[in-house]
Amino acid sequence: MALVILFILLMCYILIATGQLTKVNRAAVAMFAGAVGWVLYICYGADFVWAMHPKEYFNFLGGAQPDAENVKYFISQHVFLGYVGKGAEICLFLLATMTIVEILNNNGCFDFVTEILRTRSSKKMLWVITLITFIISANLDNLTTTTMMLVIMHKIVANRRQRMVYGSAIVLAANCGGALTVIGDPIGLVLWNMGAVDASNFSTCLAVPCILSCVLPVWWLGRMLPERVETQGFALPYRGDDTNLNRWQRMLMLFVGIGGLWFIPTFHNITKLSPFLGALCVLSLLWVVNEIFNRKLMDVDKMINRRVPRVLQYGVIQMVLFVLGMMLAMGVAVESGLMTNLTSWCDRDIHNVWILAGLSGLCSSVLDTFATAISFISLHGIVDMGHLTMSLDADYLQNFTRNGMYWKILAYSSAMGGNFLLLGSLSGLALMKMERIHVGWYFKNAGLMSIVAWVLGLIVMWAMTAQS
């Protein structure tokens, strides 16, 4: 049965990697792998439980005779539920942040982006839109930031060729900005939730590599632009339920929303509660402020079709289901013993976290960045610092301790792999769909330089490790 589960996972990866050809939705594939994998697991549950959890199961029985019902109950309550909880933490955090974006967008809190882009200088617009995307993506997820910025850019830039350049810069900035913080990308969020990294240590280590991986490809793209950019009307959008808030009210809501997200790591350090609860606190506060400011319009029927929110909602629902499906799929891979065998092979034959980082970057360029990262994360647990003194291989195992280099170079390489071909990230796929960009054009004009920047980023991280 473990081989059957392995076959399903491999087919899942193949379908995700070839999604552009097969037109099969990756969220559907991930949910199928996660759901069916656990159904197959529980069919042979006794074998897996005695192999992976003998002591826990023996204590659970409490002297009772093992039977099929006891095995199923143990799996559902003591094995499966743990992975559901881990997946739910990530999904609830994403849903909370996406709702925050929805509220801020509907109240015009991001209209300042359109106002800042009032320029005819192509290079100035390129760097301004890159900086704004980088900053926003560090606080919100990549797909949300990319979709919002692509819609804004599409309304401003008239020339399709120039939109391809600006769109590529947006994807690069979104992926690099998201990788900078633990709340900007699901990969960092998973590592933070499992206790593998601290928020401040993570961002400090990845700051220079992420900036480098963003600046170099964007600079390379800028050579393709003329001196002047072809722009069209700068009319601010009507959102249907437009509240006509004044500037200070919009700035206050933006401060509550984005500033609240910055406070989440501090909230987690103080309370030790899951970060998603901090995100829900920010959402509830912003929601109350929203209803206070818009109390006169609550009963007015002004809803019309709104392009940006609908795009965000549809994309985020798919992303949440994809994340949940992949985490359940990796859970069943761990519990069936597949990851244990793979871990033993990596420790014995590869025995180098930098090689593993290179593999994760290459895999994420054709596979999904999150699917790649969660697979490599599942290879190792967090090593207790107290066990290092008793180990003959302490130097290698130190990479897997809390704030170890393995977690950080894995998060960096997996995220940057999405910049190589556009196929590995949801941001890249959104750009391909909106601007009809071909993979070959992107790889020639941005992907190659992204690989160079990624390698330079790894060298910087290696130098930081050598100094410490």
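All figures in this text were calculated on a predicted structure; none of them were measured in a lab.

## Quick word on the overall build of the protein
Move 1: What the protein contains, in helices and strands, is 23 helices and 0 strands.
Move 2: For a compact globule of 468 residues, the expected C-alpha radius of gyration is about 23 Å, and the protein comes in at 23 Å, within 12% of that figure.
Move 3: The principal-axis extents of the C-alpha atoms in the protein amount to approximately 75 × 55 × 45 Å.
Move 4: Put simply, the protein has 468 residues, and 55% of those count as buried.
Move 5: Counting only contacts in the protein whose residues sit at least 6 apart along the sequence, the fraction spanning at least 24 positions is 80%.

## A few points about the packing of helix α12 (residues 199–222) against helix α23 (residues 439–467)
Move 1: Where α12 meets α23, the axes come as close as 8 Å, and the angle between the chain directions of the two elements is 155 degrees. Considering their axes alone, α12 and α23 lie roughly antiparallel with respect to each other. As for the relative orientation of α12 and α23, their crossing is right-handed in sense. Residues T204, C205, L206, V208, P209, L212, S213, L216, P217, W220 and L221 of α12 pack against K444, N445, A446, M449, S450, A453, W454, L456, G457, V460, M461 and M464 of α23.
Move 2: A class-by-class count of the residues in the contact of α12 with α23 yields 17 nonpolar, 5 polar and 1 charged.

## Here we look at the confidence of the model for the protein
Low pLDDT marks stretches whose predicted atomic positions should not be read closely.
Move 1: On average, residues of the protein score 84 in pLDDT, and 91% of them are at 70 or above.
Move 2: Per-element averaging of pLDDT across the protein places helix α19 (residues 385–388) at the bottom with 67 and α12 at the top with 93.

## A few points about the packing of helix α17 (residues 353–366) against α23
Move 1: Following both chains from N to C, one finds α17 and α23 inclined at 155 degrees, their axes separated by 12 Å at the closest point. When the axes of α17 and α23 are compared, the pair comes out roughly antiparallel. In the crossing of α17 with α23, the sense of the turn from one axis to the other is right-handed. When α17 is examined against α23, the residues W354, A357, G358 and G361 are found in contact with a partner set consisting of W454, L458, M461, W462 and T465.
Move 2: Here the residues of the contact of α17 with α23 are counted per class, giving 6 nonpolar, 3 polar and no charged.

## Some thoughts on helix α11 (residues 186–193)
Move 1: The element α11 is extensively covered by neighbouring structure, given that 7 of its 8 residues are classed as buried.
Move 2: Between the side-chain oxygen at the start of α11 and the backbone nitrogen of I187 there is a gap of 2.9 Å, and the oxygen is on D185.
Move 3: Where α11 terminates, the next one or two residues include G195, which has phi positive at roughly 80 degrees.

## Topic: the side chain of T372
Move 1: Within the element layout of this structure, T372 appears in helix α18 (residues 369–377).
Move 2: Note on T372: relative accessible area 2%, which makes it buried.
Move 3: Leave out the neighbours within four places in its chain, and T372 touches S360, C363, S364, L367 and S414.

What counts as what
Residues numbered from 1 in each chain as written. Predicted model: local features only at pLDDT ≥ 70, side-chain atom pairs only at ≥ 80, totals over all residues. Heavy atoms only, no water. Helix = DSSP H or I, 4+ residues; strand = E, 2+ residues; numbered from the N terminus. Rg over C-alpha atoms; globule rule 2.2 N^0.38 Å. Buried < 20%, exposed > 50% of the residue type's maximum accessible area, 1.4 Å probe, protein only. Contact = heavy atoms within 4.5 Å. Axes fitted to C-alpha atoms, helices over the stretch in contact; angles between N-to-C directions. Parallel < 35°, antiparallel > 145°, perpendicular 65-115°, else oblique. Left-handed = near helix turned anticlockwise from the far one by under 90°. Nonpolar A, V, L, I, M, F, W, Y, C, P; charged D, E, K, R; others polar. pLDDT = per-residue confidence, 0-100. Polar contact = N/O pair within 3.5 Å; in protein donor to acceptor, adjacent residues only side chain to side chain.

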